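An overview of the molecular structure
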Amino acid sequence: MKSEIWVIGGGKGGTGKSFLTSSMGMKLAQMGKRVTLIDADLGGANLHTFLKIKKPEYSLTDFFERKIPLSDIIKDTDIPNLRFITGDIRSLDSTGIKYTQKLRLYRHIKSISADYVLIDLGAGSGPNTIDTFLIADKMIAVTMPEITAIENLYLLIKKVLFRRLNRVLSEHGLRDAAKKAWNHKTSKNIKSIRDLILYLKSLSPDIDIVVNKALSEFKLHLILNQVKNDRHIETGFDTKSVLCKYFGIDARLMGYISFTEFFWKFVKESGAFRPVTLTASTSQEISSVVQNILENKQVKIPGLSNE
Amino acid sequence: MNNEKYKKYLETLELYNEDDPSKLPSLEETREAHSRLKRIFESDSMAIDPLEDEFSTADRQNIMNQLNEAYQALVQCIPGTEPEKEIPIREFQSEVDRYELDIMDIGLEEERPQEYFLSKVLAQPEEMKTEEEKIPEEEKNAETETIEIDVEEELQPTEHLREITHPVEEKQEERYIEIHLEEEKTEEAEFTEVPAPPAEEIIENPGETGDLTRPTETLSTVEEQEKKEFTEIHLEDEIPGPHEGETLSEEEIPLTEEISPTGKPGSPQEKSKMEDTLAEWIPGAKQDESEEILILKETRENLGLSIQDAAVSTGVKEETLRDIEMENFPSLPEAGELRWCIGTYAKALSLDSHQITDEYMKKYRKWQRDRE
């Protein structure tokens, strides 16, 4: 059976991508699902820190350089059902990975025998990050209520969306339509991805349909981390709404994780696989995020009655 | 309205229920969703700040128009509500109005929804009554008929407002205002309890509505409990309110906030009447629009708080609070931080923090633009 790929990105570093990837992976494993975590932060892999294991002997470097099959570098962890691939690239410039190598990696990822494959992306929004984001069955973005984090999130989404649009239009015989329009942005008065979308939609009713479909199928699962107060939660909902309205994508807020002081102290001191059990409430919050992602449900805005 | 269009509107306001597409949002949910989204796109939520450079005013307006269109269309579809032209108009005007609203209006912001509800609820029994009254008409007797007339009278809420605007005697006036507020609270409570009631539901549970009015019963001297179900509004009005004789102090206004924390639109006419009325009663309430009002400072002083008190309770530095109060724009922190400070401060003063921040930030942006 084909595994479901969750890719966890978010643009800014330090928003909690690795923490959430490891925690969500553990939750899924505890639920009896077979899970493989991949640390695709090719520059600064640190997922193993959260998993409290030593860097595995083999990493993606071996996959790229020595052509070792991906299945051979998957390492078991102490948690049943949870396996792990580290992305540490020692000698290879992470941007230097060839396109064909990348495709080979994606092919291997898709053939991993597991129920869920969770990929932890690095910070930033480089081409590798964007391409990896696009192989997801579920795109998950971790952000926090800080203007820089939100800004980087938008930047990531802009790039991913641009790439997706370009790809979808190419599939419909409009090779690089988005790219071409963007290259002539000054003459077409296109200043933003939104302008670009509106421009493409105005080209013809057919393109309009294609673009609309691409946008509505662009599902983004948003997780808001390091929430300290209600106002932060509100910012999470605002961000979701801006993503929906401004970019036109289908963004959903899957949950929020409260800020924990002394988080790193916990990580440092706790035994293996402890981060997730930092506090009962954090653990609870992560459970509900996982549940929401599995059931494709989003958090309701507090104050709006639900049932 | 066709289903696709309806779905689109629901999606626009983020109210579409995927699990149960037939489930409709209540009027209140619709309004809240609309005002929440409007707030994001009309002001500068942290979520919109990073897009400031590339998000043109015209484009923003586009989104706002879509929101307003969806809202207008949905409000008319929600069962149990009658399309009311005044409301959307008020919505559109509010952008312009808001900026110029005087100090009292902020207090009145809490009144608006209630007035709105009042007019809604009062309009609603018109159709419901026909069914509702049938039962008592048969079961009861002439007694109900007199009640019906009373309810009918109540159907014109402006009657009261007119009375208030042309007061005969001090005490009586105060009482009217008291009663008016009191009565609206009941309406609000009733509405939140039964969101967007389809007509049948209300008829099925008339007792429920009756229960909600019970707390006020102790204050009244009504002999026949049964009547209440049909005449609660009227009776509430006839019997002197609990605070009779007391003057309507400014503290009364934040009080209503607890009951309805969300700002909702009301019909412009009613609102302005209400404003006039209260303006007569609260000195300095209605001021010249051209005159700048330092609402935060005034509210704080009226509450008898020092700037030090405010600093302690908000955790914002004294100087910052002082600069905020005096609208000393050049010394203020950067927008994100400023917004937060104002919001916290307004909340601490029991003011509507959304509205205060929005208005303040508008002024601030204007100042920024002028400076450039």
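Scroll up to find the structure this text is about.
Conventions adopted
- Residues numbered from 1 in each chain as written.
- Chains lettered and ligands numbered in written order.
- Predicted model: local features only at pLDDT ≥ 70, side-chain atom pairs only at ≥ 80, totals over all residues.
- Heavy atoms only, no water.
- Helix = DSSP H or I, 4+ residues; strand = E, 2+ residues; numbered from the N terminus.
- Buried < 20%, exposed > 50% of the residue type's maximum accessible area, 1.4 Å probe, protein only.
- Contact = heavy atoms within 4.5 Å.
- Areas by Shrake-Rupley, 256 points an atom, 1.4 Å probe, with all protein chains shown as cover.
- Salt bridge = Lys/Arg side-chain N within 4 Å of Asp/Glu carboxyl O.
- Nonpolar A, V, L, I, M, F, W, Y, C, P; charged D, E, K, R; others polar.
- Pairing = 2+ DSSP bridges.
- Axes fitted to C-alpha atoms, helices over the stretch in contact; angles between N-to-C directions.
- Parallel < 35°, antiparallel > 145°, perpendicular 65-115°, else oblique.
- Left-handed = near helix turned anticlockwise from the far one by under 90°.
- Core = buried A, V, L, I, M, F, W, Y, C linked by side-chain atoms within 4.5 Å.
- Right-handed = clockwise from strand over helix to strand, strands pointing away.
- Expected span 1.5 Å × (residues − 1).
- Phe/Tyr/Trp six-rings, centres within 6.5 Å; stacked < 30°, edge-to-face > 60°.

**With respect to the overall build of chain A**
Looking only at helices and strands, chain A features 12 helices and 8 strands. Counting the 307 residues in chain A, one finds 56% classified as buried. Counting only contacts in chain A whose residues sit at least 6 apart along the sequence, the fraction spanning at least 24 positions is 77%. Element-wise, carbon and sulfur atoms account for 51% of the exposed surface of chain A, whose accessible area totals about 13300 Å².

**Section: the overall build of chain B**
Each helix and strand in chain B was counted, giving 20 helices and 0 strands. Residues classed as buried in chain B amount to 52% of the 372 residues present. Across chain B, the fraction of contacts at a sequence separation of at least 24, relative to all contacts at a separation of at least 6, is 72%. Accessible surface, chain B as shown: approximately 17800 Å² in total, 48% of it carbon and sulfur.

**What to know about the interface of chain A and chain B**
Residue-level contacts link 33 residues of chain A with 28 residues of chain B. On inspection of chain A and its partner chain B, the count reaches 7 salt bridges. The closest approach of N and O atoms between Arg-39 of chain B and Asp-238 of chain A, which form a salt bridge, is 3.2 Å. Listing elements by their share of the side of chain A that touches chain B, those giving two or more residues are α6 (147-171), α8 (193-203) and α10 (230-247) of chain A. It is α10 of chain A that contributes the most residues to the side of chain A that touches chain B, 13 residues altogether. Taken together, the residues of the side of chain A that touches chain B sort by class into 12 nonpolar, 9 polar and 12 charged.

**Overview of the sheet that holds strand β6 (residues 138-143) of chain A**
All names here are of chain A. Strand order in the open sheet formed by 8 strands is β3-β4-β2-β5-β1-β6-β7-β8, and the pairing between neighbours is mixed. In this open sheet, the two edge strands, each paired with only one partner strand, are β3 (75-76) and β8 (250-258). In this structure, strand β2 (residues 35-39) lies alongside strand β5 (residues 116-120), joined through 5 bridges in parallel fashion. Looking at the pairing, Thr-36 lines up with Val-117 of β5.

**What about the packing of α10 of chain A against helix α2 (residues 27-42) of chain B?**
When two helices pack together, their arrangement is given by the angle between their axes and by how far apart the axes lie. The N-to-C vectors of α10 of chain A and α2 of chain B enclose an angle of 80 degrees; their axes lie 10 Å apart at closest approach. For the element pair α10 of chain A / α2 of chain B, the angle class is roughly perpendicular. Where α10 of chain A approaches α2 of chain B, its residues Glu-234, Phe-237, Asp-238, Ser-241, Val-242 and Lys-245 of chain A are matched on the opposing element by Arg-36, Leu-37, Arg-39, Ile-40 and Phe-41 of chain B. Residue composition of the contact of α10 of chain A with α2 of chain B, grouped by class: 5 nonpolar, 1 polar and 5 charged.

**Comments concerning the packing of α6 of chain A against helix α9 (residues 205-216) of chain A**
All names here are of chain A. Following both chains from N to C, one finds α6 and α9 inclined at 135 degrees, their axes separated by 10 Å at the closest point. Taken together, α6 and α9 sit at an angle that is classed as oblique. Note that α6 runs across α9; the crossing there is right-handed. Across from Leu-161, Leu-165, Val-168 and Leu-169 in α6, the residues of α9 making contact are Ile-207, Val-210, Val-211, Ala-214 and Leu-215. Residues of the contact of α6 with α9, tallied by class, amount to 9 nonpolar, no polar and no charged.

**As for the environment of Ile-342 of chain B**
Residues and elements named next belong to chain B. With respect to the secondary-structure elements, Ile-342 resides in helix α19 (residues 335-348). Judged by relative accessible area, which is 0%, Ile-342 ranks as buried. Linking Ile-342 and Asp-358, residues 16 residues apart in sequence, is a C-alpha distance of 9.6 Å. Not counting chain neighbours up to four residues away, the residues in contact with Ile-342 comprise Leu-296, Ile-324, Ile-356, Thr-357, Tyr-360 and Met-361.

**Some thoughts on the nonpolar core**
Note on soluble globular proteins: their nonpolar side chains tend to be buried together. All names here are of chain A. Membership of the largest hydrophobic core comes to 92 residues, with the highest contact counts inside it found for Ile-109, Ile-119, Leu-220, Leu-243 and Ile-249. Of the residues forming this core, the biggest block, 11 residues, is contributed by α6. The contacts of Ile-109, once residues within four sequence positions are left out, are Ser-3, Ile-5, Ile-38, Leu-70, Val-117, Ile-119 and Ile-135. With 28 residues, the next largest nonpolar core counts Phe-19, Ile-53, Tyr-116 and Ile-286 among its residues.

**Looking at the pairing of β8 of chain A**
Burial of β8 of chain A is extensive: 7 of the 9 residues sit out of reach of the surface. The β-α-β motif built from strand β7 (residues 219-227) of chain A, the intervening α10 of chain A and the parallel element β8 of chain A has right-handed crossover chirality.

**Some words on α2 of chain B**
The end-to-end C-alpha distance of α2 of chain B is 22 Å, a good match for the 22 Å that 16 residues give at a rise of 1.5 Å each. Within α2 of chain B, 15 of the 16 residues are buried, which leaves it mostly tucked inside the rest of the structure.

**A few points about the environment of Val-168 of chain A**
Residue and element names in this part refer to chain A. For Val-168, the location among the structural elements is in helix α6. Val-168 sits in the buried class, given a relative accessible area of 15%. Remark: the alpha-carbon pair of Val-168 and Ala-178, spanning 10 residues in sequence, is separated by 9.6 Å. Contacts of Val-168, omitting those with residues within four sequence positions, involve Val-210 and Ala-214.

**Some thoughts on the pattern of salt bridges**
Residue and element names in this part refer to chain B. Counted according to the given criterion, the structure contains 27 salt bridges over all chains. Note that Glu-325 is salt-bridged to Arg-300, the shortest N-O span being 2.5 Å. You can see Glu-325 sitting in helix α18 (residues 318-325) and its partner Arg-300 sitting in helix α16 (residues 295-302), a full 25 residues away along the chain. The burial state of Glu-325 is the same as that of Arg-300; both residues are buried.

**Section: the packing of aromatic side chains**
Aromatic ring pairs are reported here in terms of the distance separating the ring centres and the angle at which the planes meet. Applying the stated rule across the entire model yields 11 aromatic pairs over all chains. With 5.0 Å between their ring centres and 90 degrees between their planes, Tyr-246 of chain A and Phe-247 of chain A make a pair best called edge-to-face. Accessibility classification places Tyr-246 of chain A together with Phe-247 of chain A in one group, the buried group. Seen in terms of ring centroids, Phe-41 of chain B and Phe-55 of chain B are 6.2 Å apart; in terms of plane orientation they differ by 90 degrees. Their pairing is edge-to-face. On the criterion of sequence distance, the pair formed by Phe-41 of chain B in helix α2 and Phe-55 of chain B in the loop between α2 and α3 (57-77) is long-range, its members being 14 residues apart.

The values reported here are purely geometric and, on their own, carry no functional implication.
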